[in-house]
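Analysis of the macromolecular model
What follows is each chain in one-letter form.
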Amino acid sequence: MANLVQDSRKHVACYKYAIQYPLGCHYPATACLVPICSLYGAAVTTVEGVGSIKTRIHPVQERLAKCHGTQCGFCSPGMVMSIYTLLRNHPEPTPEQITKALGGNLCRCTGYRPIVESGKTFCVESTVCELKGSGKCCMDQEDGSLVNRWEKMCTKLYDEDEFQPLDPSQSKQGERITWITPATLNDLLELKANFPKAPLIMGNTELGPSIKFKNEFHPVFISPLGLPELHFVNTTDDGVTIGAGYSLAQLNDALHCIVSEQPKEKTETHRALLKHLRTLAGAQIRNMATSGGHVVSWPNFSDLNPILAAGNGTINLISKEGQRQIPLNGPFLERSPEADLKSEEIVSSVYIPYSTQWHFVFGLRMAQRQENAFAIVNAGMSVKFEDDTNTIKELQMFYGSVGPTTVSASQTCKQLIGRQWDDQMLSDACRWVLDEIYIPPAAEGGMVEYRQTLIISLLFKFYLKDPQKFPNIPEKFVSALEDFPIETPPRNSDCVDPHQPLQDPVGHPVMHQSAIKHTTGEAVYTDDMPCIDQELFLAPITSTRAHAKIISTDISEALALPGVVDVITAEDVPGDNNYQGEIFYAQNEVICVGQVVGTVAADTYAHAREAAKKVKITYEDIEPRIITIEQALEHNSFLFDEKKIEQGNVEQAFKYVDPIIEGEVHVEGQEHFYMETSSILALPKEEDKEMVLHLGTQYPTHVQEYVAAALNVPRNRIACRMKRTGGAFGGKVAKPAVLGAVSAVAANKTGRPIRFILERGDDMLITAGRHPLLGKYKIGFMNNGVIKAADVEYYVNGGSVGIILYLHKDLSYKSDNFCLCEISLCFASTQVVEACKTNLPSNTAFRGFGFPQGTVVVEAYITAVASQCNLPPEEVKEINMYKRISKTAFKQTFNPEPSRRCWKECLEKSSFYAGKLAAEEFNKKNYWKKRGLAIVPMKFSIGIPTAYYNQVAALVHIYLDGSVLVIHGGCELRQGLYTKMIQVASHELNIPQSHIHLSETSTVTVPNGVLTSESMGTDINGKAVQNACQTLMARLHPIIRKNRKGKWEDWIAKAFEESISLSVTGYFRGYQTNMDWEKGEGNAYPYYVYGAACSEVEVDCLTGAHELLRTDIFMDAAFSINPALDIGQIEGAFIQGIGFYTIEELKYSPEGVLYSRSPDDYKIPTITEIPEEFYVTLVRSQNPVAIYSSKGLGEAGMFWGSSVLFAIYDAVAAAPKTFVLSSPAAPEMIRMTCVDQFTDMIREIPRDDPSTFTPWSIRVS
Ligand SMILES: Cc1cc2nc3c(=O)[nH]c(=O)nc-3n(C[C@H](O)[C@H](O)[C@H](O)COP(=O)(O)OP(=O)(O)OC[C@H]3O[C@@H](n4cnc5c(N)ncnc54)[C@H](O)[C@@H]3O)c2cc1C
Ligand code: FES
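Analysis parameters
- Residues numbered from 1 in each chain as written.
- Chains lettered and ligands numbered in written order.
- Predicted model: local features only at pLDDT ≥ 70, side-chain atom pairs only at ≥ 80, totals over all residues.
- Heavy atoms only, no water.
- UniProt positions renumbered as here; feature names shortened; annotations may be inferred.
- Helix = DSSP H or I, 4+ residues; strand = E, 2+ residues; numbered from the N terminus.
- Buried < 20%, exposed > 50% of the residue type's maximum accessible area, 1.4 Å probe, protein only.
- Areas by Shrake-Rupley, 256 points an atom, 1.4 Å probe, with all protein chains shown as cover.
- Lys, Arg positive; Asp, Glu negative; His and termini not counted.
- Charge placed at Lys NZ, Arg CZ, Asp CG, Glu CD.
- Arc of directions from axis to C-beta.
- Contact = heavy atoms within 4.5 Å.
- Patch = residues over 30% accessible without salt bridge, like charges linked within 9 Å, V, L, I, M, F, W, Y side chains within 5 Å.
- Salt bridge = Lys/Arg side-chain N within 4 Å of Asp/Glu carboxyl O.
- Expected span 1.5 Å × (residues − 1).
- 1 Å grid on protein atoms, 1.4 Å probe; cavity = no way out; pocket = protein on both sides within 12 Å on 5 of 7 lines; lining within 4 Å.
- Points joined across faces, edges and corners; volume = space filled by probe spheres on them.
- Nonpolar A, V, L, I, M, F, W, Y, C, P; charged D, E, K, R; others polar.
- Phe/Tyr/Trp six-rings, centres within 6.5 Å; stacked < 30°, edge-to-face > 60°.
- Lys NZ or Arg CZ within 6 Å of the ring centre and 35° of its normal.
- Axes fitted to C-alpha atoms, helices over the stretch in contact; angles between N-to-C directions.
- Parallel < 35°, antiparallel > 145°, perpendicular 65-115°, else oblique.
- Left-handed = near helix turned anticlockwise from the far one by under 90°.

An unreviewed UniProt entry annotates the chain as FAD-binding PCMH-type domain-containing protein originating from Colobus angolensis palliatus. Turning to the chain, the UniProt annotation filed under Subcellular location (unreviewed entry) states: "Cytoplasm". Annotation of the chain in UniProt includes, under Sequence similarities (unreviewed entry), the sentence "Belongs to the xanthine dehydrogenase family."

Okay, structure coming up:
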């Protein structure tokens, strides 16, 4: 659930509330923002109250599970509550209502499509594929034109007939602060007079975060939410008055009513407000936040205040002294102290007057993400004309997010009174408004030029929107007017092989083993484990400097606080504090902001956190402080020796080419943003220095190793247990070992259990993420687009320590067909990878590990070559692609045939060329909106080129009742590994899946397990499980032969009688891969996954917003063991890829402080980022190397997001002027790339000398 994960420690509460007010309406709510006291009079339903596996699951829970809408399951209770609440209010919702209801929820795993689809099963309208309204299912299509898939076979991933019906009539049964709830308005006014400093607690959406994150403290709260005097709508001839207690959702409903009843000309302001209410925050926040709270709080980026001001709205105030009004278009919004509320006053209502015939009001906003993101800039503008003329009588312009308050461009407006509404007026208005609204170069939030550009771009939109002028604007300008609609994503077509025997689970879309538990909230994560006697909570003390000497540490104040048991530092580490380059507790020196310097152990988390803030550390900065790759190169600061792969003689090759181009590509990093933050429960044992750690990790052995080193005990004393985790994406490969050691040291010192659950902000700060990358290329090619020579250098920002740094360097493009050239020069290339050592927290593994960054560089230079040759990029790609059995740059032989098939199919089935023609036509007709398409091929390497990292063991026990327990070394991260292992065991033992159970992964049961990563989980663990099962079957075979008609249970009983062991260790040695970096060659990977994807986008050149119109993905899955899970992986990775390549931006200060530490500052995709049309096809091929001829599909889909990046560039290339490619293509980048009169105007503004200020943020790639 979007902004809820700020406090992931309380996810259970956060995600599970729906509140019913006395009004009889149901609201999903952000639980961590709902004070318990405010619930008086409300019925609260939690996800447990909706349904449970112990009693009866609710259809919402069942359908979400059966539609494969859960992976890690951490977001699932929130999804359930959103759909459940919607159904309580609207038992037969529309698809739009479903999308709207889910708008405030975040999921990092699924890509949302199956979640929406599960919700849509409650809609009255047909939920079959519908093939764009034809009402038919894709499976019924004879020609199979649109969704014809390989072998023209298509079977659904679930069966609607299995669903239980929804019964809409059901009902559920269910020291420091003073909280006062006044019973009457008079009481309220009396209280406000007596406690003038006490805040009114209404929606708590502003107060709550301030208390939690800004340490605000209020001894008294007044909670008047239930007062009827604050809940009303009053309509008069002049306008509408809305009670201050109305939530923004209720305000929305009231405005809808008014707009439908009143003539259009009267409701200009109301309609403008409605437009913003659709995207302001998410449904949960809109349900809680009140209109009164909104107008008085959040002064600078409020979406509604600028519109209310432009529409001449007022607020009605009341106190014991009486009543008065404040106009919102006066000094109030600028927070002038004399214009503010008096301390005893409250807002009783908001008055929104009707507009008149020649009065027009508009609201405009631009945010990083369409929904649920604060505006980068917003505006409310209104103009009143002299009757029936173009002459400006009144003009008002208010901007948000351009300063510390909502800002009025009053001087500009004043000067324009009496002017005609024409181009000259616009030009003057732009210049004057830029003079009037000054954004300092070091302004908080950065993006100074972009925000200035938006100020005038939004003004231009306002200018065009004016109906007076409207008939005169050229048709091609009309495109500036429309905002992108919020679409309800359609149902995808999923393909399953119908030949697969029904009784054999392998090949079937089996539901995730824990799906029902995910949706009922009964799946247990680390922090759900019950309190243990004597348990302590740990809070980290982290470095605030990037590179500094620790001069002194004073813990006395912290130790004196109530509940604090101990402060743990480097001196408390009994073993190695610096193990394999990883420092557990900083000692003497810090090397990045966010490095753990100490921890506080206390009886509650709140106490530990408070005390951590009281630890005083004095630092002395050390030079150099290296933050960016550029700075690292200047200082020759690297983590490892460079890695190089050479092919042919590149210098020689450059002599025989036509043009040579050189360029740079910057690719910024990415935060994992797994929903469950790093969580550890460390339990010290009484005897023999044993310790048990429960935690979410992809690599329990690694945790065991680090903990043993830190405690100086043999590894056999340390047990690491892992049941499941709420997402990992590579972020839980290396970091849990360090955090595990930190917790273990605390547990060892205090002798008490330690619960260490990182808050979102700490997790983002400490654990870091994907490596930012700088690619420098020099490419030699022929005029026909054939690339002959490539010299490419990749620099990654490794951070302060190099953990498992490894870059996939193999790409889709060939070397072999260069040999066909007349001059007998082969393609030659040099690829160098350098890992820069900087003073940032060490970056780490992340889905695709280097591949998603490196491939951008390749796609970028291919696009640049195409542009130089005046050829379409797809043609140059095709020319340079591997076409037959070939060798990679490191001399590994492979067959690219599936890649060719995917590419061809993708071009054909997506109607790529027709789409391009249509986009060209669209672009000719539209000046301010541009469409672009891009297709990208992929050859993704699976696994690790070190053989011993691929070995794994499994244990299979058969019990005397016939039930089977399977244990292996792989971790259930969300990907459904346990589900697939059940499928494997069921297939091999030929018994129903219900006989088989998987409980957890542990270093006790399977020692020395390798990491679950690199898309290898099913491959290697599957082989080990298969091996164990086959051994068991071989043992049982004589018994079965003698009693063929017997049952499984009979055979097991007989085996026991015959003293046959029913427990087996299975083993897989691993793929025999290797890589010789000296020679730059090897048999690096067991196999490759191929595919192609194409996307089409539309870009708003005035704001930098984009909309994803369509994506087609063709993925070579060979034989899918579980198509539902595999499609889930591809879709989830694709959406994560979209985030990486388009909207997820990590912002760092020049001093190396990470600003983006919450869902407010870091935007991952939401439901609105899914393509309007989305097709995923699993392409069948052969892969005898892997189990059941399958392929590992966990990571590769990330790269498909780059089809959106390149489609954006294609669109932008159609806009005026050119660009330099980098990633992500965030709105700022898109807008500033589209050069026009507005950006020219901004660039003409004299800029401050860069040496006179420090920019707010810097690029670290
Ligand atoms: C996750 C999240 C996302 C958001 N996204 C957006 C967004 O996209 N766009 C946007 O514009 N806003 C956004 N907001 C801000 C949101 O609109 C405001 O927090 C909300 O409107 C405040 O209302 P409230 O009822 O929750 O106020 P509270 O938090 O209850 O109170 C806030 C302050 O207002 C005072 N107050 C409240 N009511 C009155 C009254 N009647 N009279 C006098 N004083 C009063 C209180 O004393 C308190 O100081 C977001 C907030 C959150 C938490
Ligand atoms: S299933 Fe949604 S976050 Fe993992």
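**Some points on the overall build of the chain**
Per the secondary structure count, the chain includes 35 helices and 43 strands. Referenced to the eigenvectors of the C-alpha coordinate spread, the extents of the chain come out at roughly 95 × 80 × 70 Å. The 1261 residues of the chain split such that 65% are buried. Only carbon and sulfur atoms are counted for the fraction: they give 50% of the accessible area of the chain, which is about 45,500 Å². In the chain, which carries 117 positive and 146 negative side-chain charges, the distance between the mean positions of the two groups comes to 3 Å.

**Some points on helix H31 (residues 1048–1057)**
Residues separated by three or four positions in an α-helix point in the same direction, a consequence of the helix having 3.6 residues per turn. Every buried residue of H31 is listed here: Trp-1048, Trp-1051, Ile-1052 and Ala-1055. Buried residues of H31 fall within an arc of 100° about the axis and therefore sit on the same side. Looking at the buried residues of H31, the elements they touch are strand S35 (952–958), strand S36 (964–968), helix H29 (977–989) and helix H30 (1017–1042). Directly after H31, the chain includes Ser-1059, whose backbone phi takes a positive value near 55°.

**Observations concerning a negative patch on the surface**
Together, Glu-686, Glu-687, Asp-688 and Glu-690 make up a negatively charged patch on the protein surface. Of note, Glu-686 is situated in the loop between strand S25 (679–684) and strand S26 (691–695).

**Notes on the UniProt feature "active site" (unreviewed entry) in the chain**
UniProt records the feature "active site" (unreviewed entry) for Glu-1195 in the present numbering. On the accessibility criterion, Glu-1195 (8% relative accessible area) is buried.

**A few points about helix H33 (residues 1201–1213)**
Its 13 residues give H33 an end-to-end C-alpha distance of 19 Å, which sits within 8% of 18 Å, the value for a rise of 1.5 Å per residue. In terms of burial, H33 is largely enclosed, as 11 of its 13 residues are buried. Buried residues of H33: Gly-1201, Ser-1202, Ser-1203, Val-1204, Leu-1205, Phe-1206, Ala-1207, Ile-1208, Tyr-1209, Ala-1211 and Val-1212, and no others.

**Re the pattern of salt bridges**
Going through the model one piece at a time under the given rule, you end up with 42 salt bridges. Across the pair Lys-749 and Asp-572 runs a salt bridge, and its minimum N-O distance is 3.3 Å. Of this pair, Lys-749 sits in helix H23 (residues 735–750) while Asp-572 sits in the loop between strand S17 (564–568) and strand S18 (578–579), and the two are 177 residues apart along the sequence. Bridged by salt links that share partners, the residues Lys-212, Arg-609, Glu-759 and Asp-762 form one connected network.

**Focus: the side chain of Lys-929**
With respect to the helices and strands, Lys-929 occurs in strand S34 (residues 929–941). Within the buried set, Lys-929 has no salt-bridge partner at all; the shortest N-O distance to an opposite charge, 4.5 Å, is to Asp-1100.

**Brief notes about empty space enclosed by the protein**
Size it by volume and the largest cavity reaches roughly 390 Å³. Secondary structure elements with two or more residues in the lining of the largest cavity: H29, H30 and helix H32 (1123–1143). Element by element, the count of residues in the lining of the largest cavity is highest for H30, at 3 residues. Split by residue class, the lining of the largest cavity holds 11 nonpolar, 14 polar and 8 charged.

**A few points about the UniProt feature "binding site: FAD" (unreviewed entry) in the chain**
Within this numbering scheme, the UniProt entry marks Leu-200, Ile-201, Met-202, Gly-203, Asn-204, Thr-205, Glu-206, Leu-207, Asp-303 and Arg-365 as carrying the feature "binding site: FAD" (unreviewed entry). With the annotated positions falling across 166 residues, the maximum pairwise C-alpha distance of 28.6 Å shows that they are not confined to a single cluster. Along the chain, the position of Ile-201 falls in the loop between helix H7 (185–194) and helix H8 (207–213). Along the chain, the position of Glu-206 falls in the loop between H7 and H8. Note on Glu-206: relative accessible area 27%, which makes it partly exposed.

**Considerations on the packing of aromatic side chains**
Enumeration according to the criterion identifies 32 aromatic pairs in this entry. Ring centres of Phe-851 and Phe-940 lie 4.8 Å apart, and the angle between their planes is 75°; this geometry places the pair in the edge-to-face category. Within this pair, whereas Phe-851 is found in helix H25 (residues 851–869), its partner Phe-940 is found in strand S34, the two being separated by 89 residues in sequence. Side by side, Phe-851 and Phe-940 carry an identical accessibility label, which is buried. Both rings, one in Phe-890 and one in Tyr-1085, keep their centres 5.9 Å apart while their planes meet at 75°; by these two values the pair is edge-to-face. Residue Phe-890 is found in the loop between strand S32 (886–887) and strand S33 (893–894), and its partner Tyr-1085 is found in the loop between strand S39 (1063–1068) and strand S40 (1088–1100); the two are separated by 195 residues along the sequence. Judged on exposure class, the residue Phe-890 and its partner Tyr-1085 are both buried. By the ring-pair criterion, three or more aromatic residues cluster together here, those being Phe-360, Phe-362, Phe-385, Trp-421, Phe-460, Phe-462, Tyr-463, Tyr-927, Trp-928 and Phe-1238. The ring of Phe-122 is capped by Arg-63, whose NZ or CZ atom sits 4.1 Å from the centre of that ring.

**A short note on the packing of helix H5 (residues 95–102) against helix H6 (residues 113–120)**
Following both chains from N to C, one finds H5 and H6 inclined at 130°, their axes separated by 9 Å at the closest point. It follows from the interaxial angle that H5 and H6 lie oblique. Like other packed secondary-structure pairs, H5 and H6 cross with a definite hand, here right-handed. Here Pro-95, Ile-98 and Leu-102 of H5 lie close against H6, whose contacting residues are Ile-115, Val-116, Gly-119 and Lys-120. Residue classes in the contact of H5 with H6 are distributed as 5 nonpolar, 1 polar and 1 charged.

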